[in-house]
Amino acid sequence: MSARLVRHPDAARLVEQRARLLAALRGWLDSRNFLEADVPPLAPHAGQEPHLRPPLVQLDGLPTPLYLQTSPELALKRLVCAGVPRVYALGFAFRGGRDEISTLHQPQFTMLEWYRPGTRVEELVEDVLGLVAAAAAALRVPAPATHRLMSVREAFAEFAGLDLQPLLDGDVHAFSTAAKRAGVDGACAEDDAPTAFGRALVSRLDPALARQPGLVFLRDWPAFGAALARLSPQDPRVALRVEAYLRGIELANGYVELADAEEHRRRWREEAARREDEAPPWDEGLLADLASPGLPECVGMALGVDRLHLALVGGSSLADVLPLRLEST
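Structure report, in brief. (Residues numbered from 1 in each chain as written. Predicted model: local features only at pLDDT ≥ 70, side-chain atom pairs only at ≥ 80, totals over all residues. Heavy atoms only, no water.)

This next bit is on the side chain of Gln165. Along the chain, Gln165 falls in helix α5 (residues 165–168). Residue Gln165 is classed as buried on the basis of its relative accessible area of 18%. A distance of 2.9 Å separates the side chain of Gln165 from the side chain of Asp169, its partner in a polar contact. In this structure Gln165 touches Arg153 and Arg237, once residues within four positions along its chain are discounted. (Helix = DSSP H or I, 4+ residues; strand = E, 2+ residues; numbered from the N terminus. Buried < 20%, exposed > 50% of the residue type's maximum accessible area, 1.4 Å probe, protein only. Polar contact = N/O pair within 3.5 Å; in protein donor to acceptor, adjacent residues only side chain to side chain. Contact = heavy atoms within 4.5 Å.)

This is the structure in structure tokens:
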């Protein structure tokens, strides 16, 4: 299989739309005293998420390979440690793997990621609502008229008829058995917690979210899916993490950020062990910065700009909004 770069038949209109969209996103953040950081897309390390594949680059004259970054997260957190209280990056992120060319995926895509002081996911919800409204105005389309903020457990109960309680309590067998009875595709009593949860999410929750009006924000994700979010001090079975959906499209993912260096290391070690391929080196510089001077209390969010564009104009594929895109041949 190979790939080619394809130009949209109405590329000039899309370039003009995208220019207005990017200016609106920058304008909203700039007006709230965020500083834009131009972070390097290449680094000798990468994130450890089991489902992400950072593309590898070997440059002549360098003995070690470099990785195209799957997000600007690691670099931006180092800048927050350095004393930049409100910071964002807007540019390309990269993903490898066999499934990265599809209706909602491209190996290279535009991501907006920002960090600011905060301790509650509600602050990220307000940020997303403001940015989406600014984007809709720039694209000259209506902004979503409604939004809902609900826990993942509430969403599963309402939209999928499944109770997450057994899974949160560690009884994966009971949850998987219930999911199988409910008709979750591929549900198996021998699944581990992330697999059982993922099957139910894709089979039952995602299709239901596509039928919901307005923006839907899901908070309080199971602790095994915390990534680099803090766990809730009230209920350590869930993480202080929130995701935003519009028309069933996952737009954004954010956390109340984990600041403990040793906990970062422990989670990265666990994530690396779950990977099917060899894990890239982790960012020792970030771990050192987390130890000293440390990461202030902050929240952070990553938003897919191409998906935002698609969801707001009502398209069915990223091919509808990208002036140039990669296509498998």
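This brings us to the nonpolar core. Leu25, Leu29, Leu112, Trp114, Leu251, Leu308 and Leu312 are the most contacted members of the largest nonpolar core, which totals 40 residues. No other element matches the 10 residues that helix α3 (residues 121–139) contributes to this core. The residues touching Leu112, leaving out its near neighbours within four places in the chain, are Leu25, Leu29, Tyr88, Ala89, Leu90, Leu131, Met301, Ala302, Leu303 and Val305. With 28 residues, the next largest nonpolar core counts Ala155, Leu162, Leu201 and Val216 among its residues. (Core = buried A, V, L, I, M, F, W, Y, C linked by side-chain atoms within 4.5 Å.)

Okay, helix α1 (residues 11–30) next. With 20 residues, α1 ought to run about 28 Å at 1.5 Å a step, and its terminal C-alpha atoms sit 28 Å apart, in line with that. When we look at burial in α1, the residues that qualify are Ala11, Leu14, Gln17, Arg18, Arg20, Leu21, Ala24, Leu25, Trp28 and Leu29. Against the buried residues of α1 lie β1 (3–7), β6 (87–94), β7 (108–117), α3 and α10 (305–313). (Expected span 1.5 Å × (residues − 1).)

We now examine helix α7 (residues 193–209). In α7, a bend of some 40° at Leu201 exceeds every other bend along the element. For α7, the secondary structure elements touched by its buried residues are α4 (152–160), α5, α6 (172–181), β9 (215–222) and β10 (238–246). (Bend = angle between axes of the 7 residues up to and from the residue.)

A word on the side chain of His264. Relative to the assigned elements, His264 resides in helix α8 (residues 261–274). With relative accessibility at 0%, the residue His264 sits in the buried group. Discounting chain neighbours no more than four positions away, the residues touching His264 are Lys77, Leu228, Leu258, Ala259, Leu287 and Leu290.

A few words now on the packing of α8 against helix α9 (residues 284–291). Running from N to C, α8 and α9 point in directions that differ by 150°, and their axes come no closer than 8 Å. Classified by the angle their axes make, α8 and α9 are roughly antiparallel. Contacts from Ala261, His264, Arg265 and Trp268 in α8 reach Glu284, Leu286, Leu287, Leu290 and Ala291 in α9. For the contact of α8 with α9, the residue count by class is 6 nonpolar, 1 polar and 2 charged. (Axes fitted to C-alpha atoms, helices over the stretch in contact; angles between N-to-C directions. Parallel < 35°, antiparallel > 145°, perpendicular 65-115°, else oblique. Nonpolar A, V, L, I, M, F, W, Y, C, P; charged D, E, K, R; others polar.)

This brings us to the sheet that holds β7. With respect to topology, 8 strands assemble into an open sheet ordered β2-β6-β7-β12-β11-β10-β9-β8, the strand pairing being mixed. With partners counted over all chains shown, the strands left at the sheet margins are β2 (35–36) and β8 (147–151), one partner each. Bridge analysis of β7 against strand β12 (residues 298–304) gives 7 bridges, and the strand direction is antiparallel. Paired with Leu112 across the strands is Leu303, a residue of β12. With respect to the sheet, α7 is in contact with β9 and β10, its orientation differing from that of β9 by roughly 165°. The strands that α10 touches are β6, β7, β10, β11 (249–256) and β12; relative to β11, the one it contacts most, it runs at about 135°. (Pairing = 2+ DSSP bridges.)

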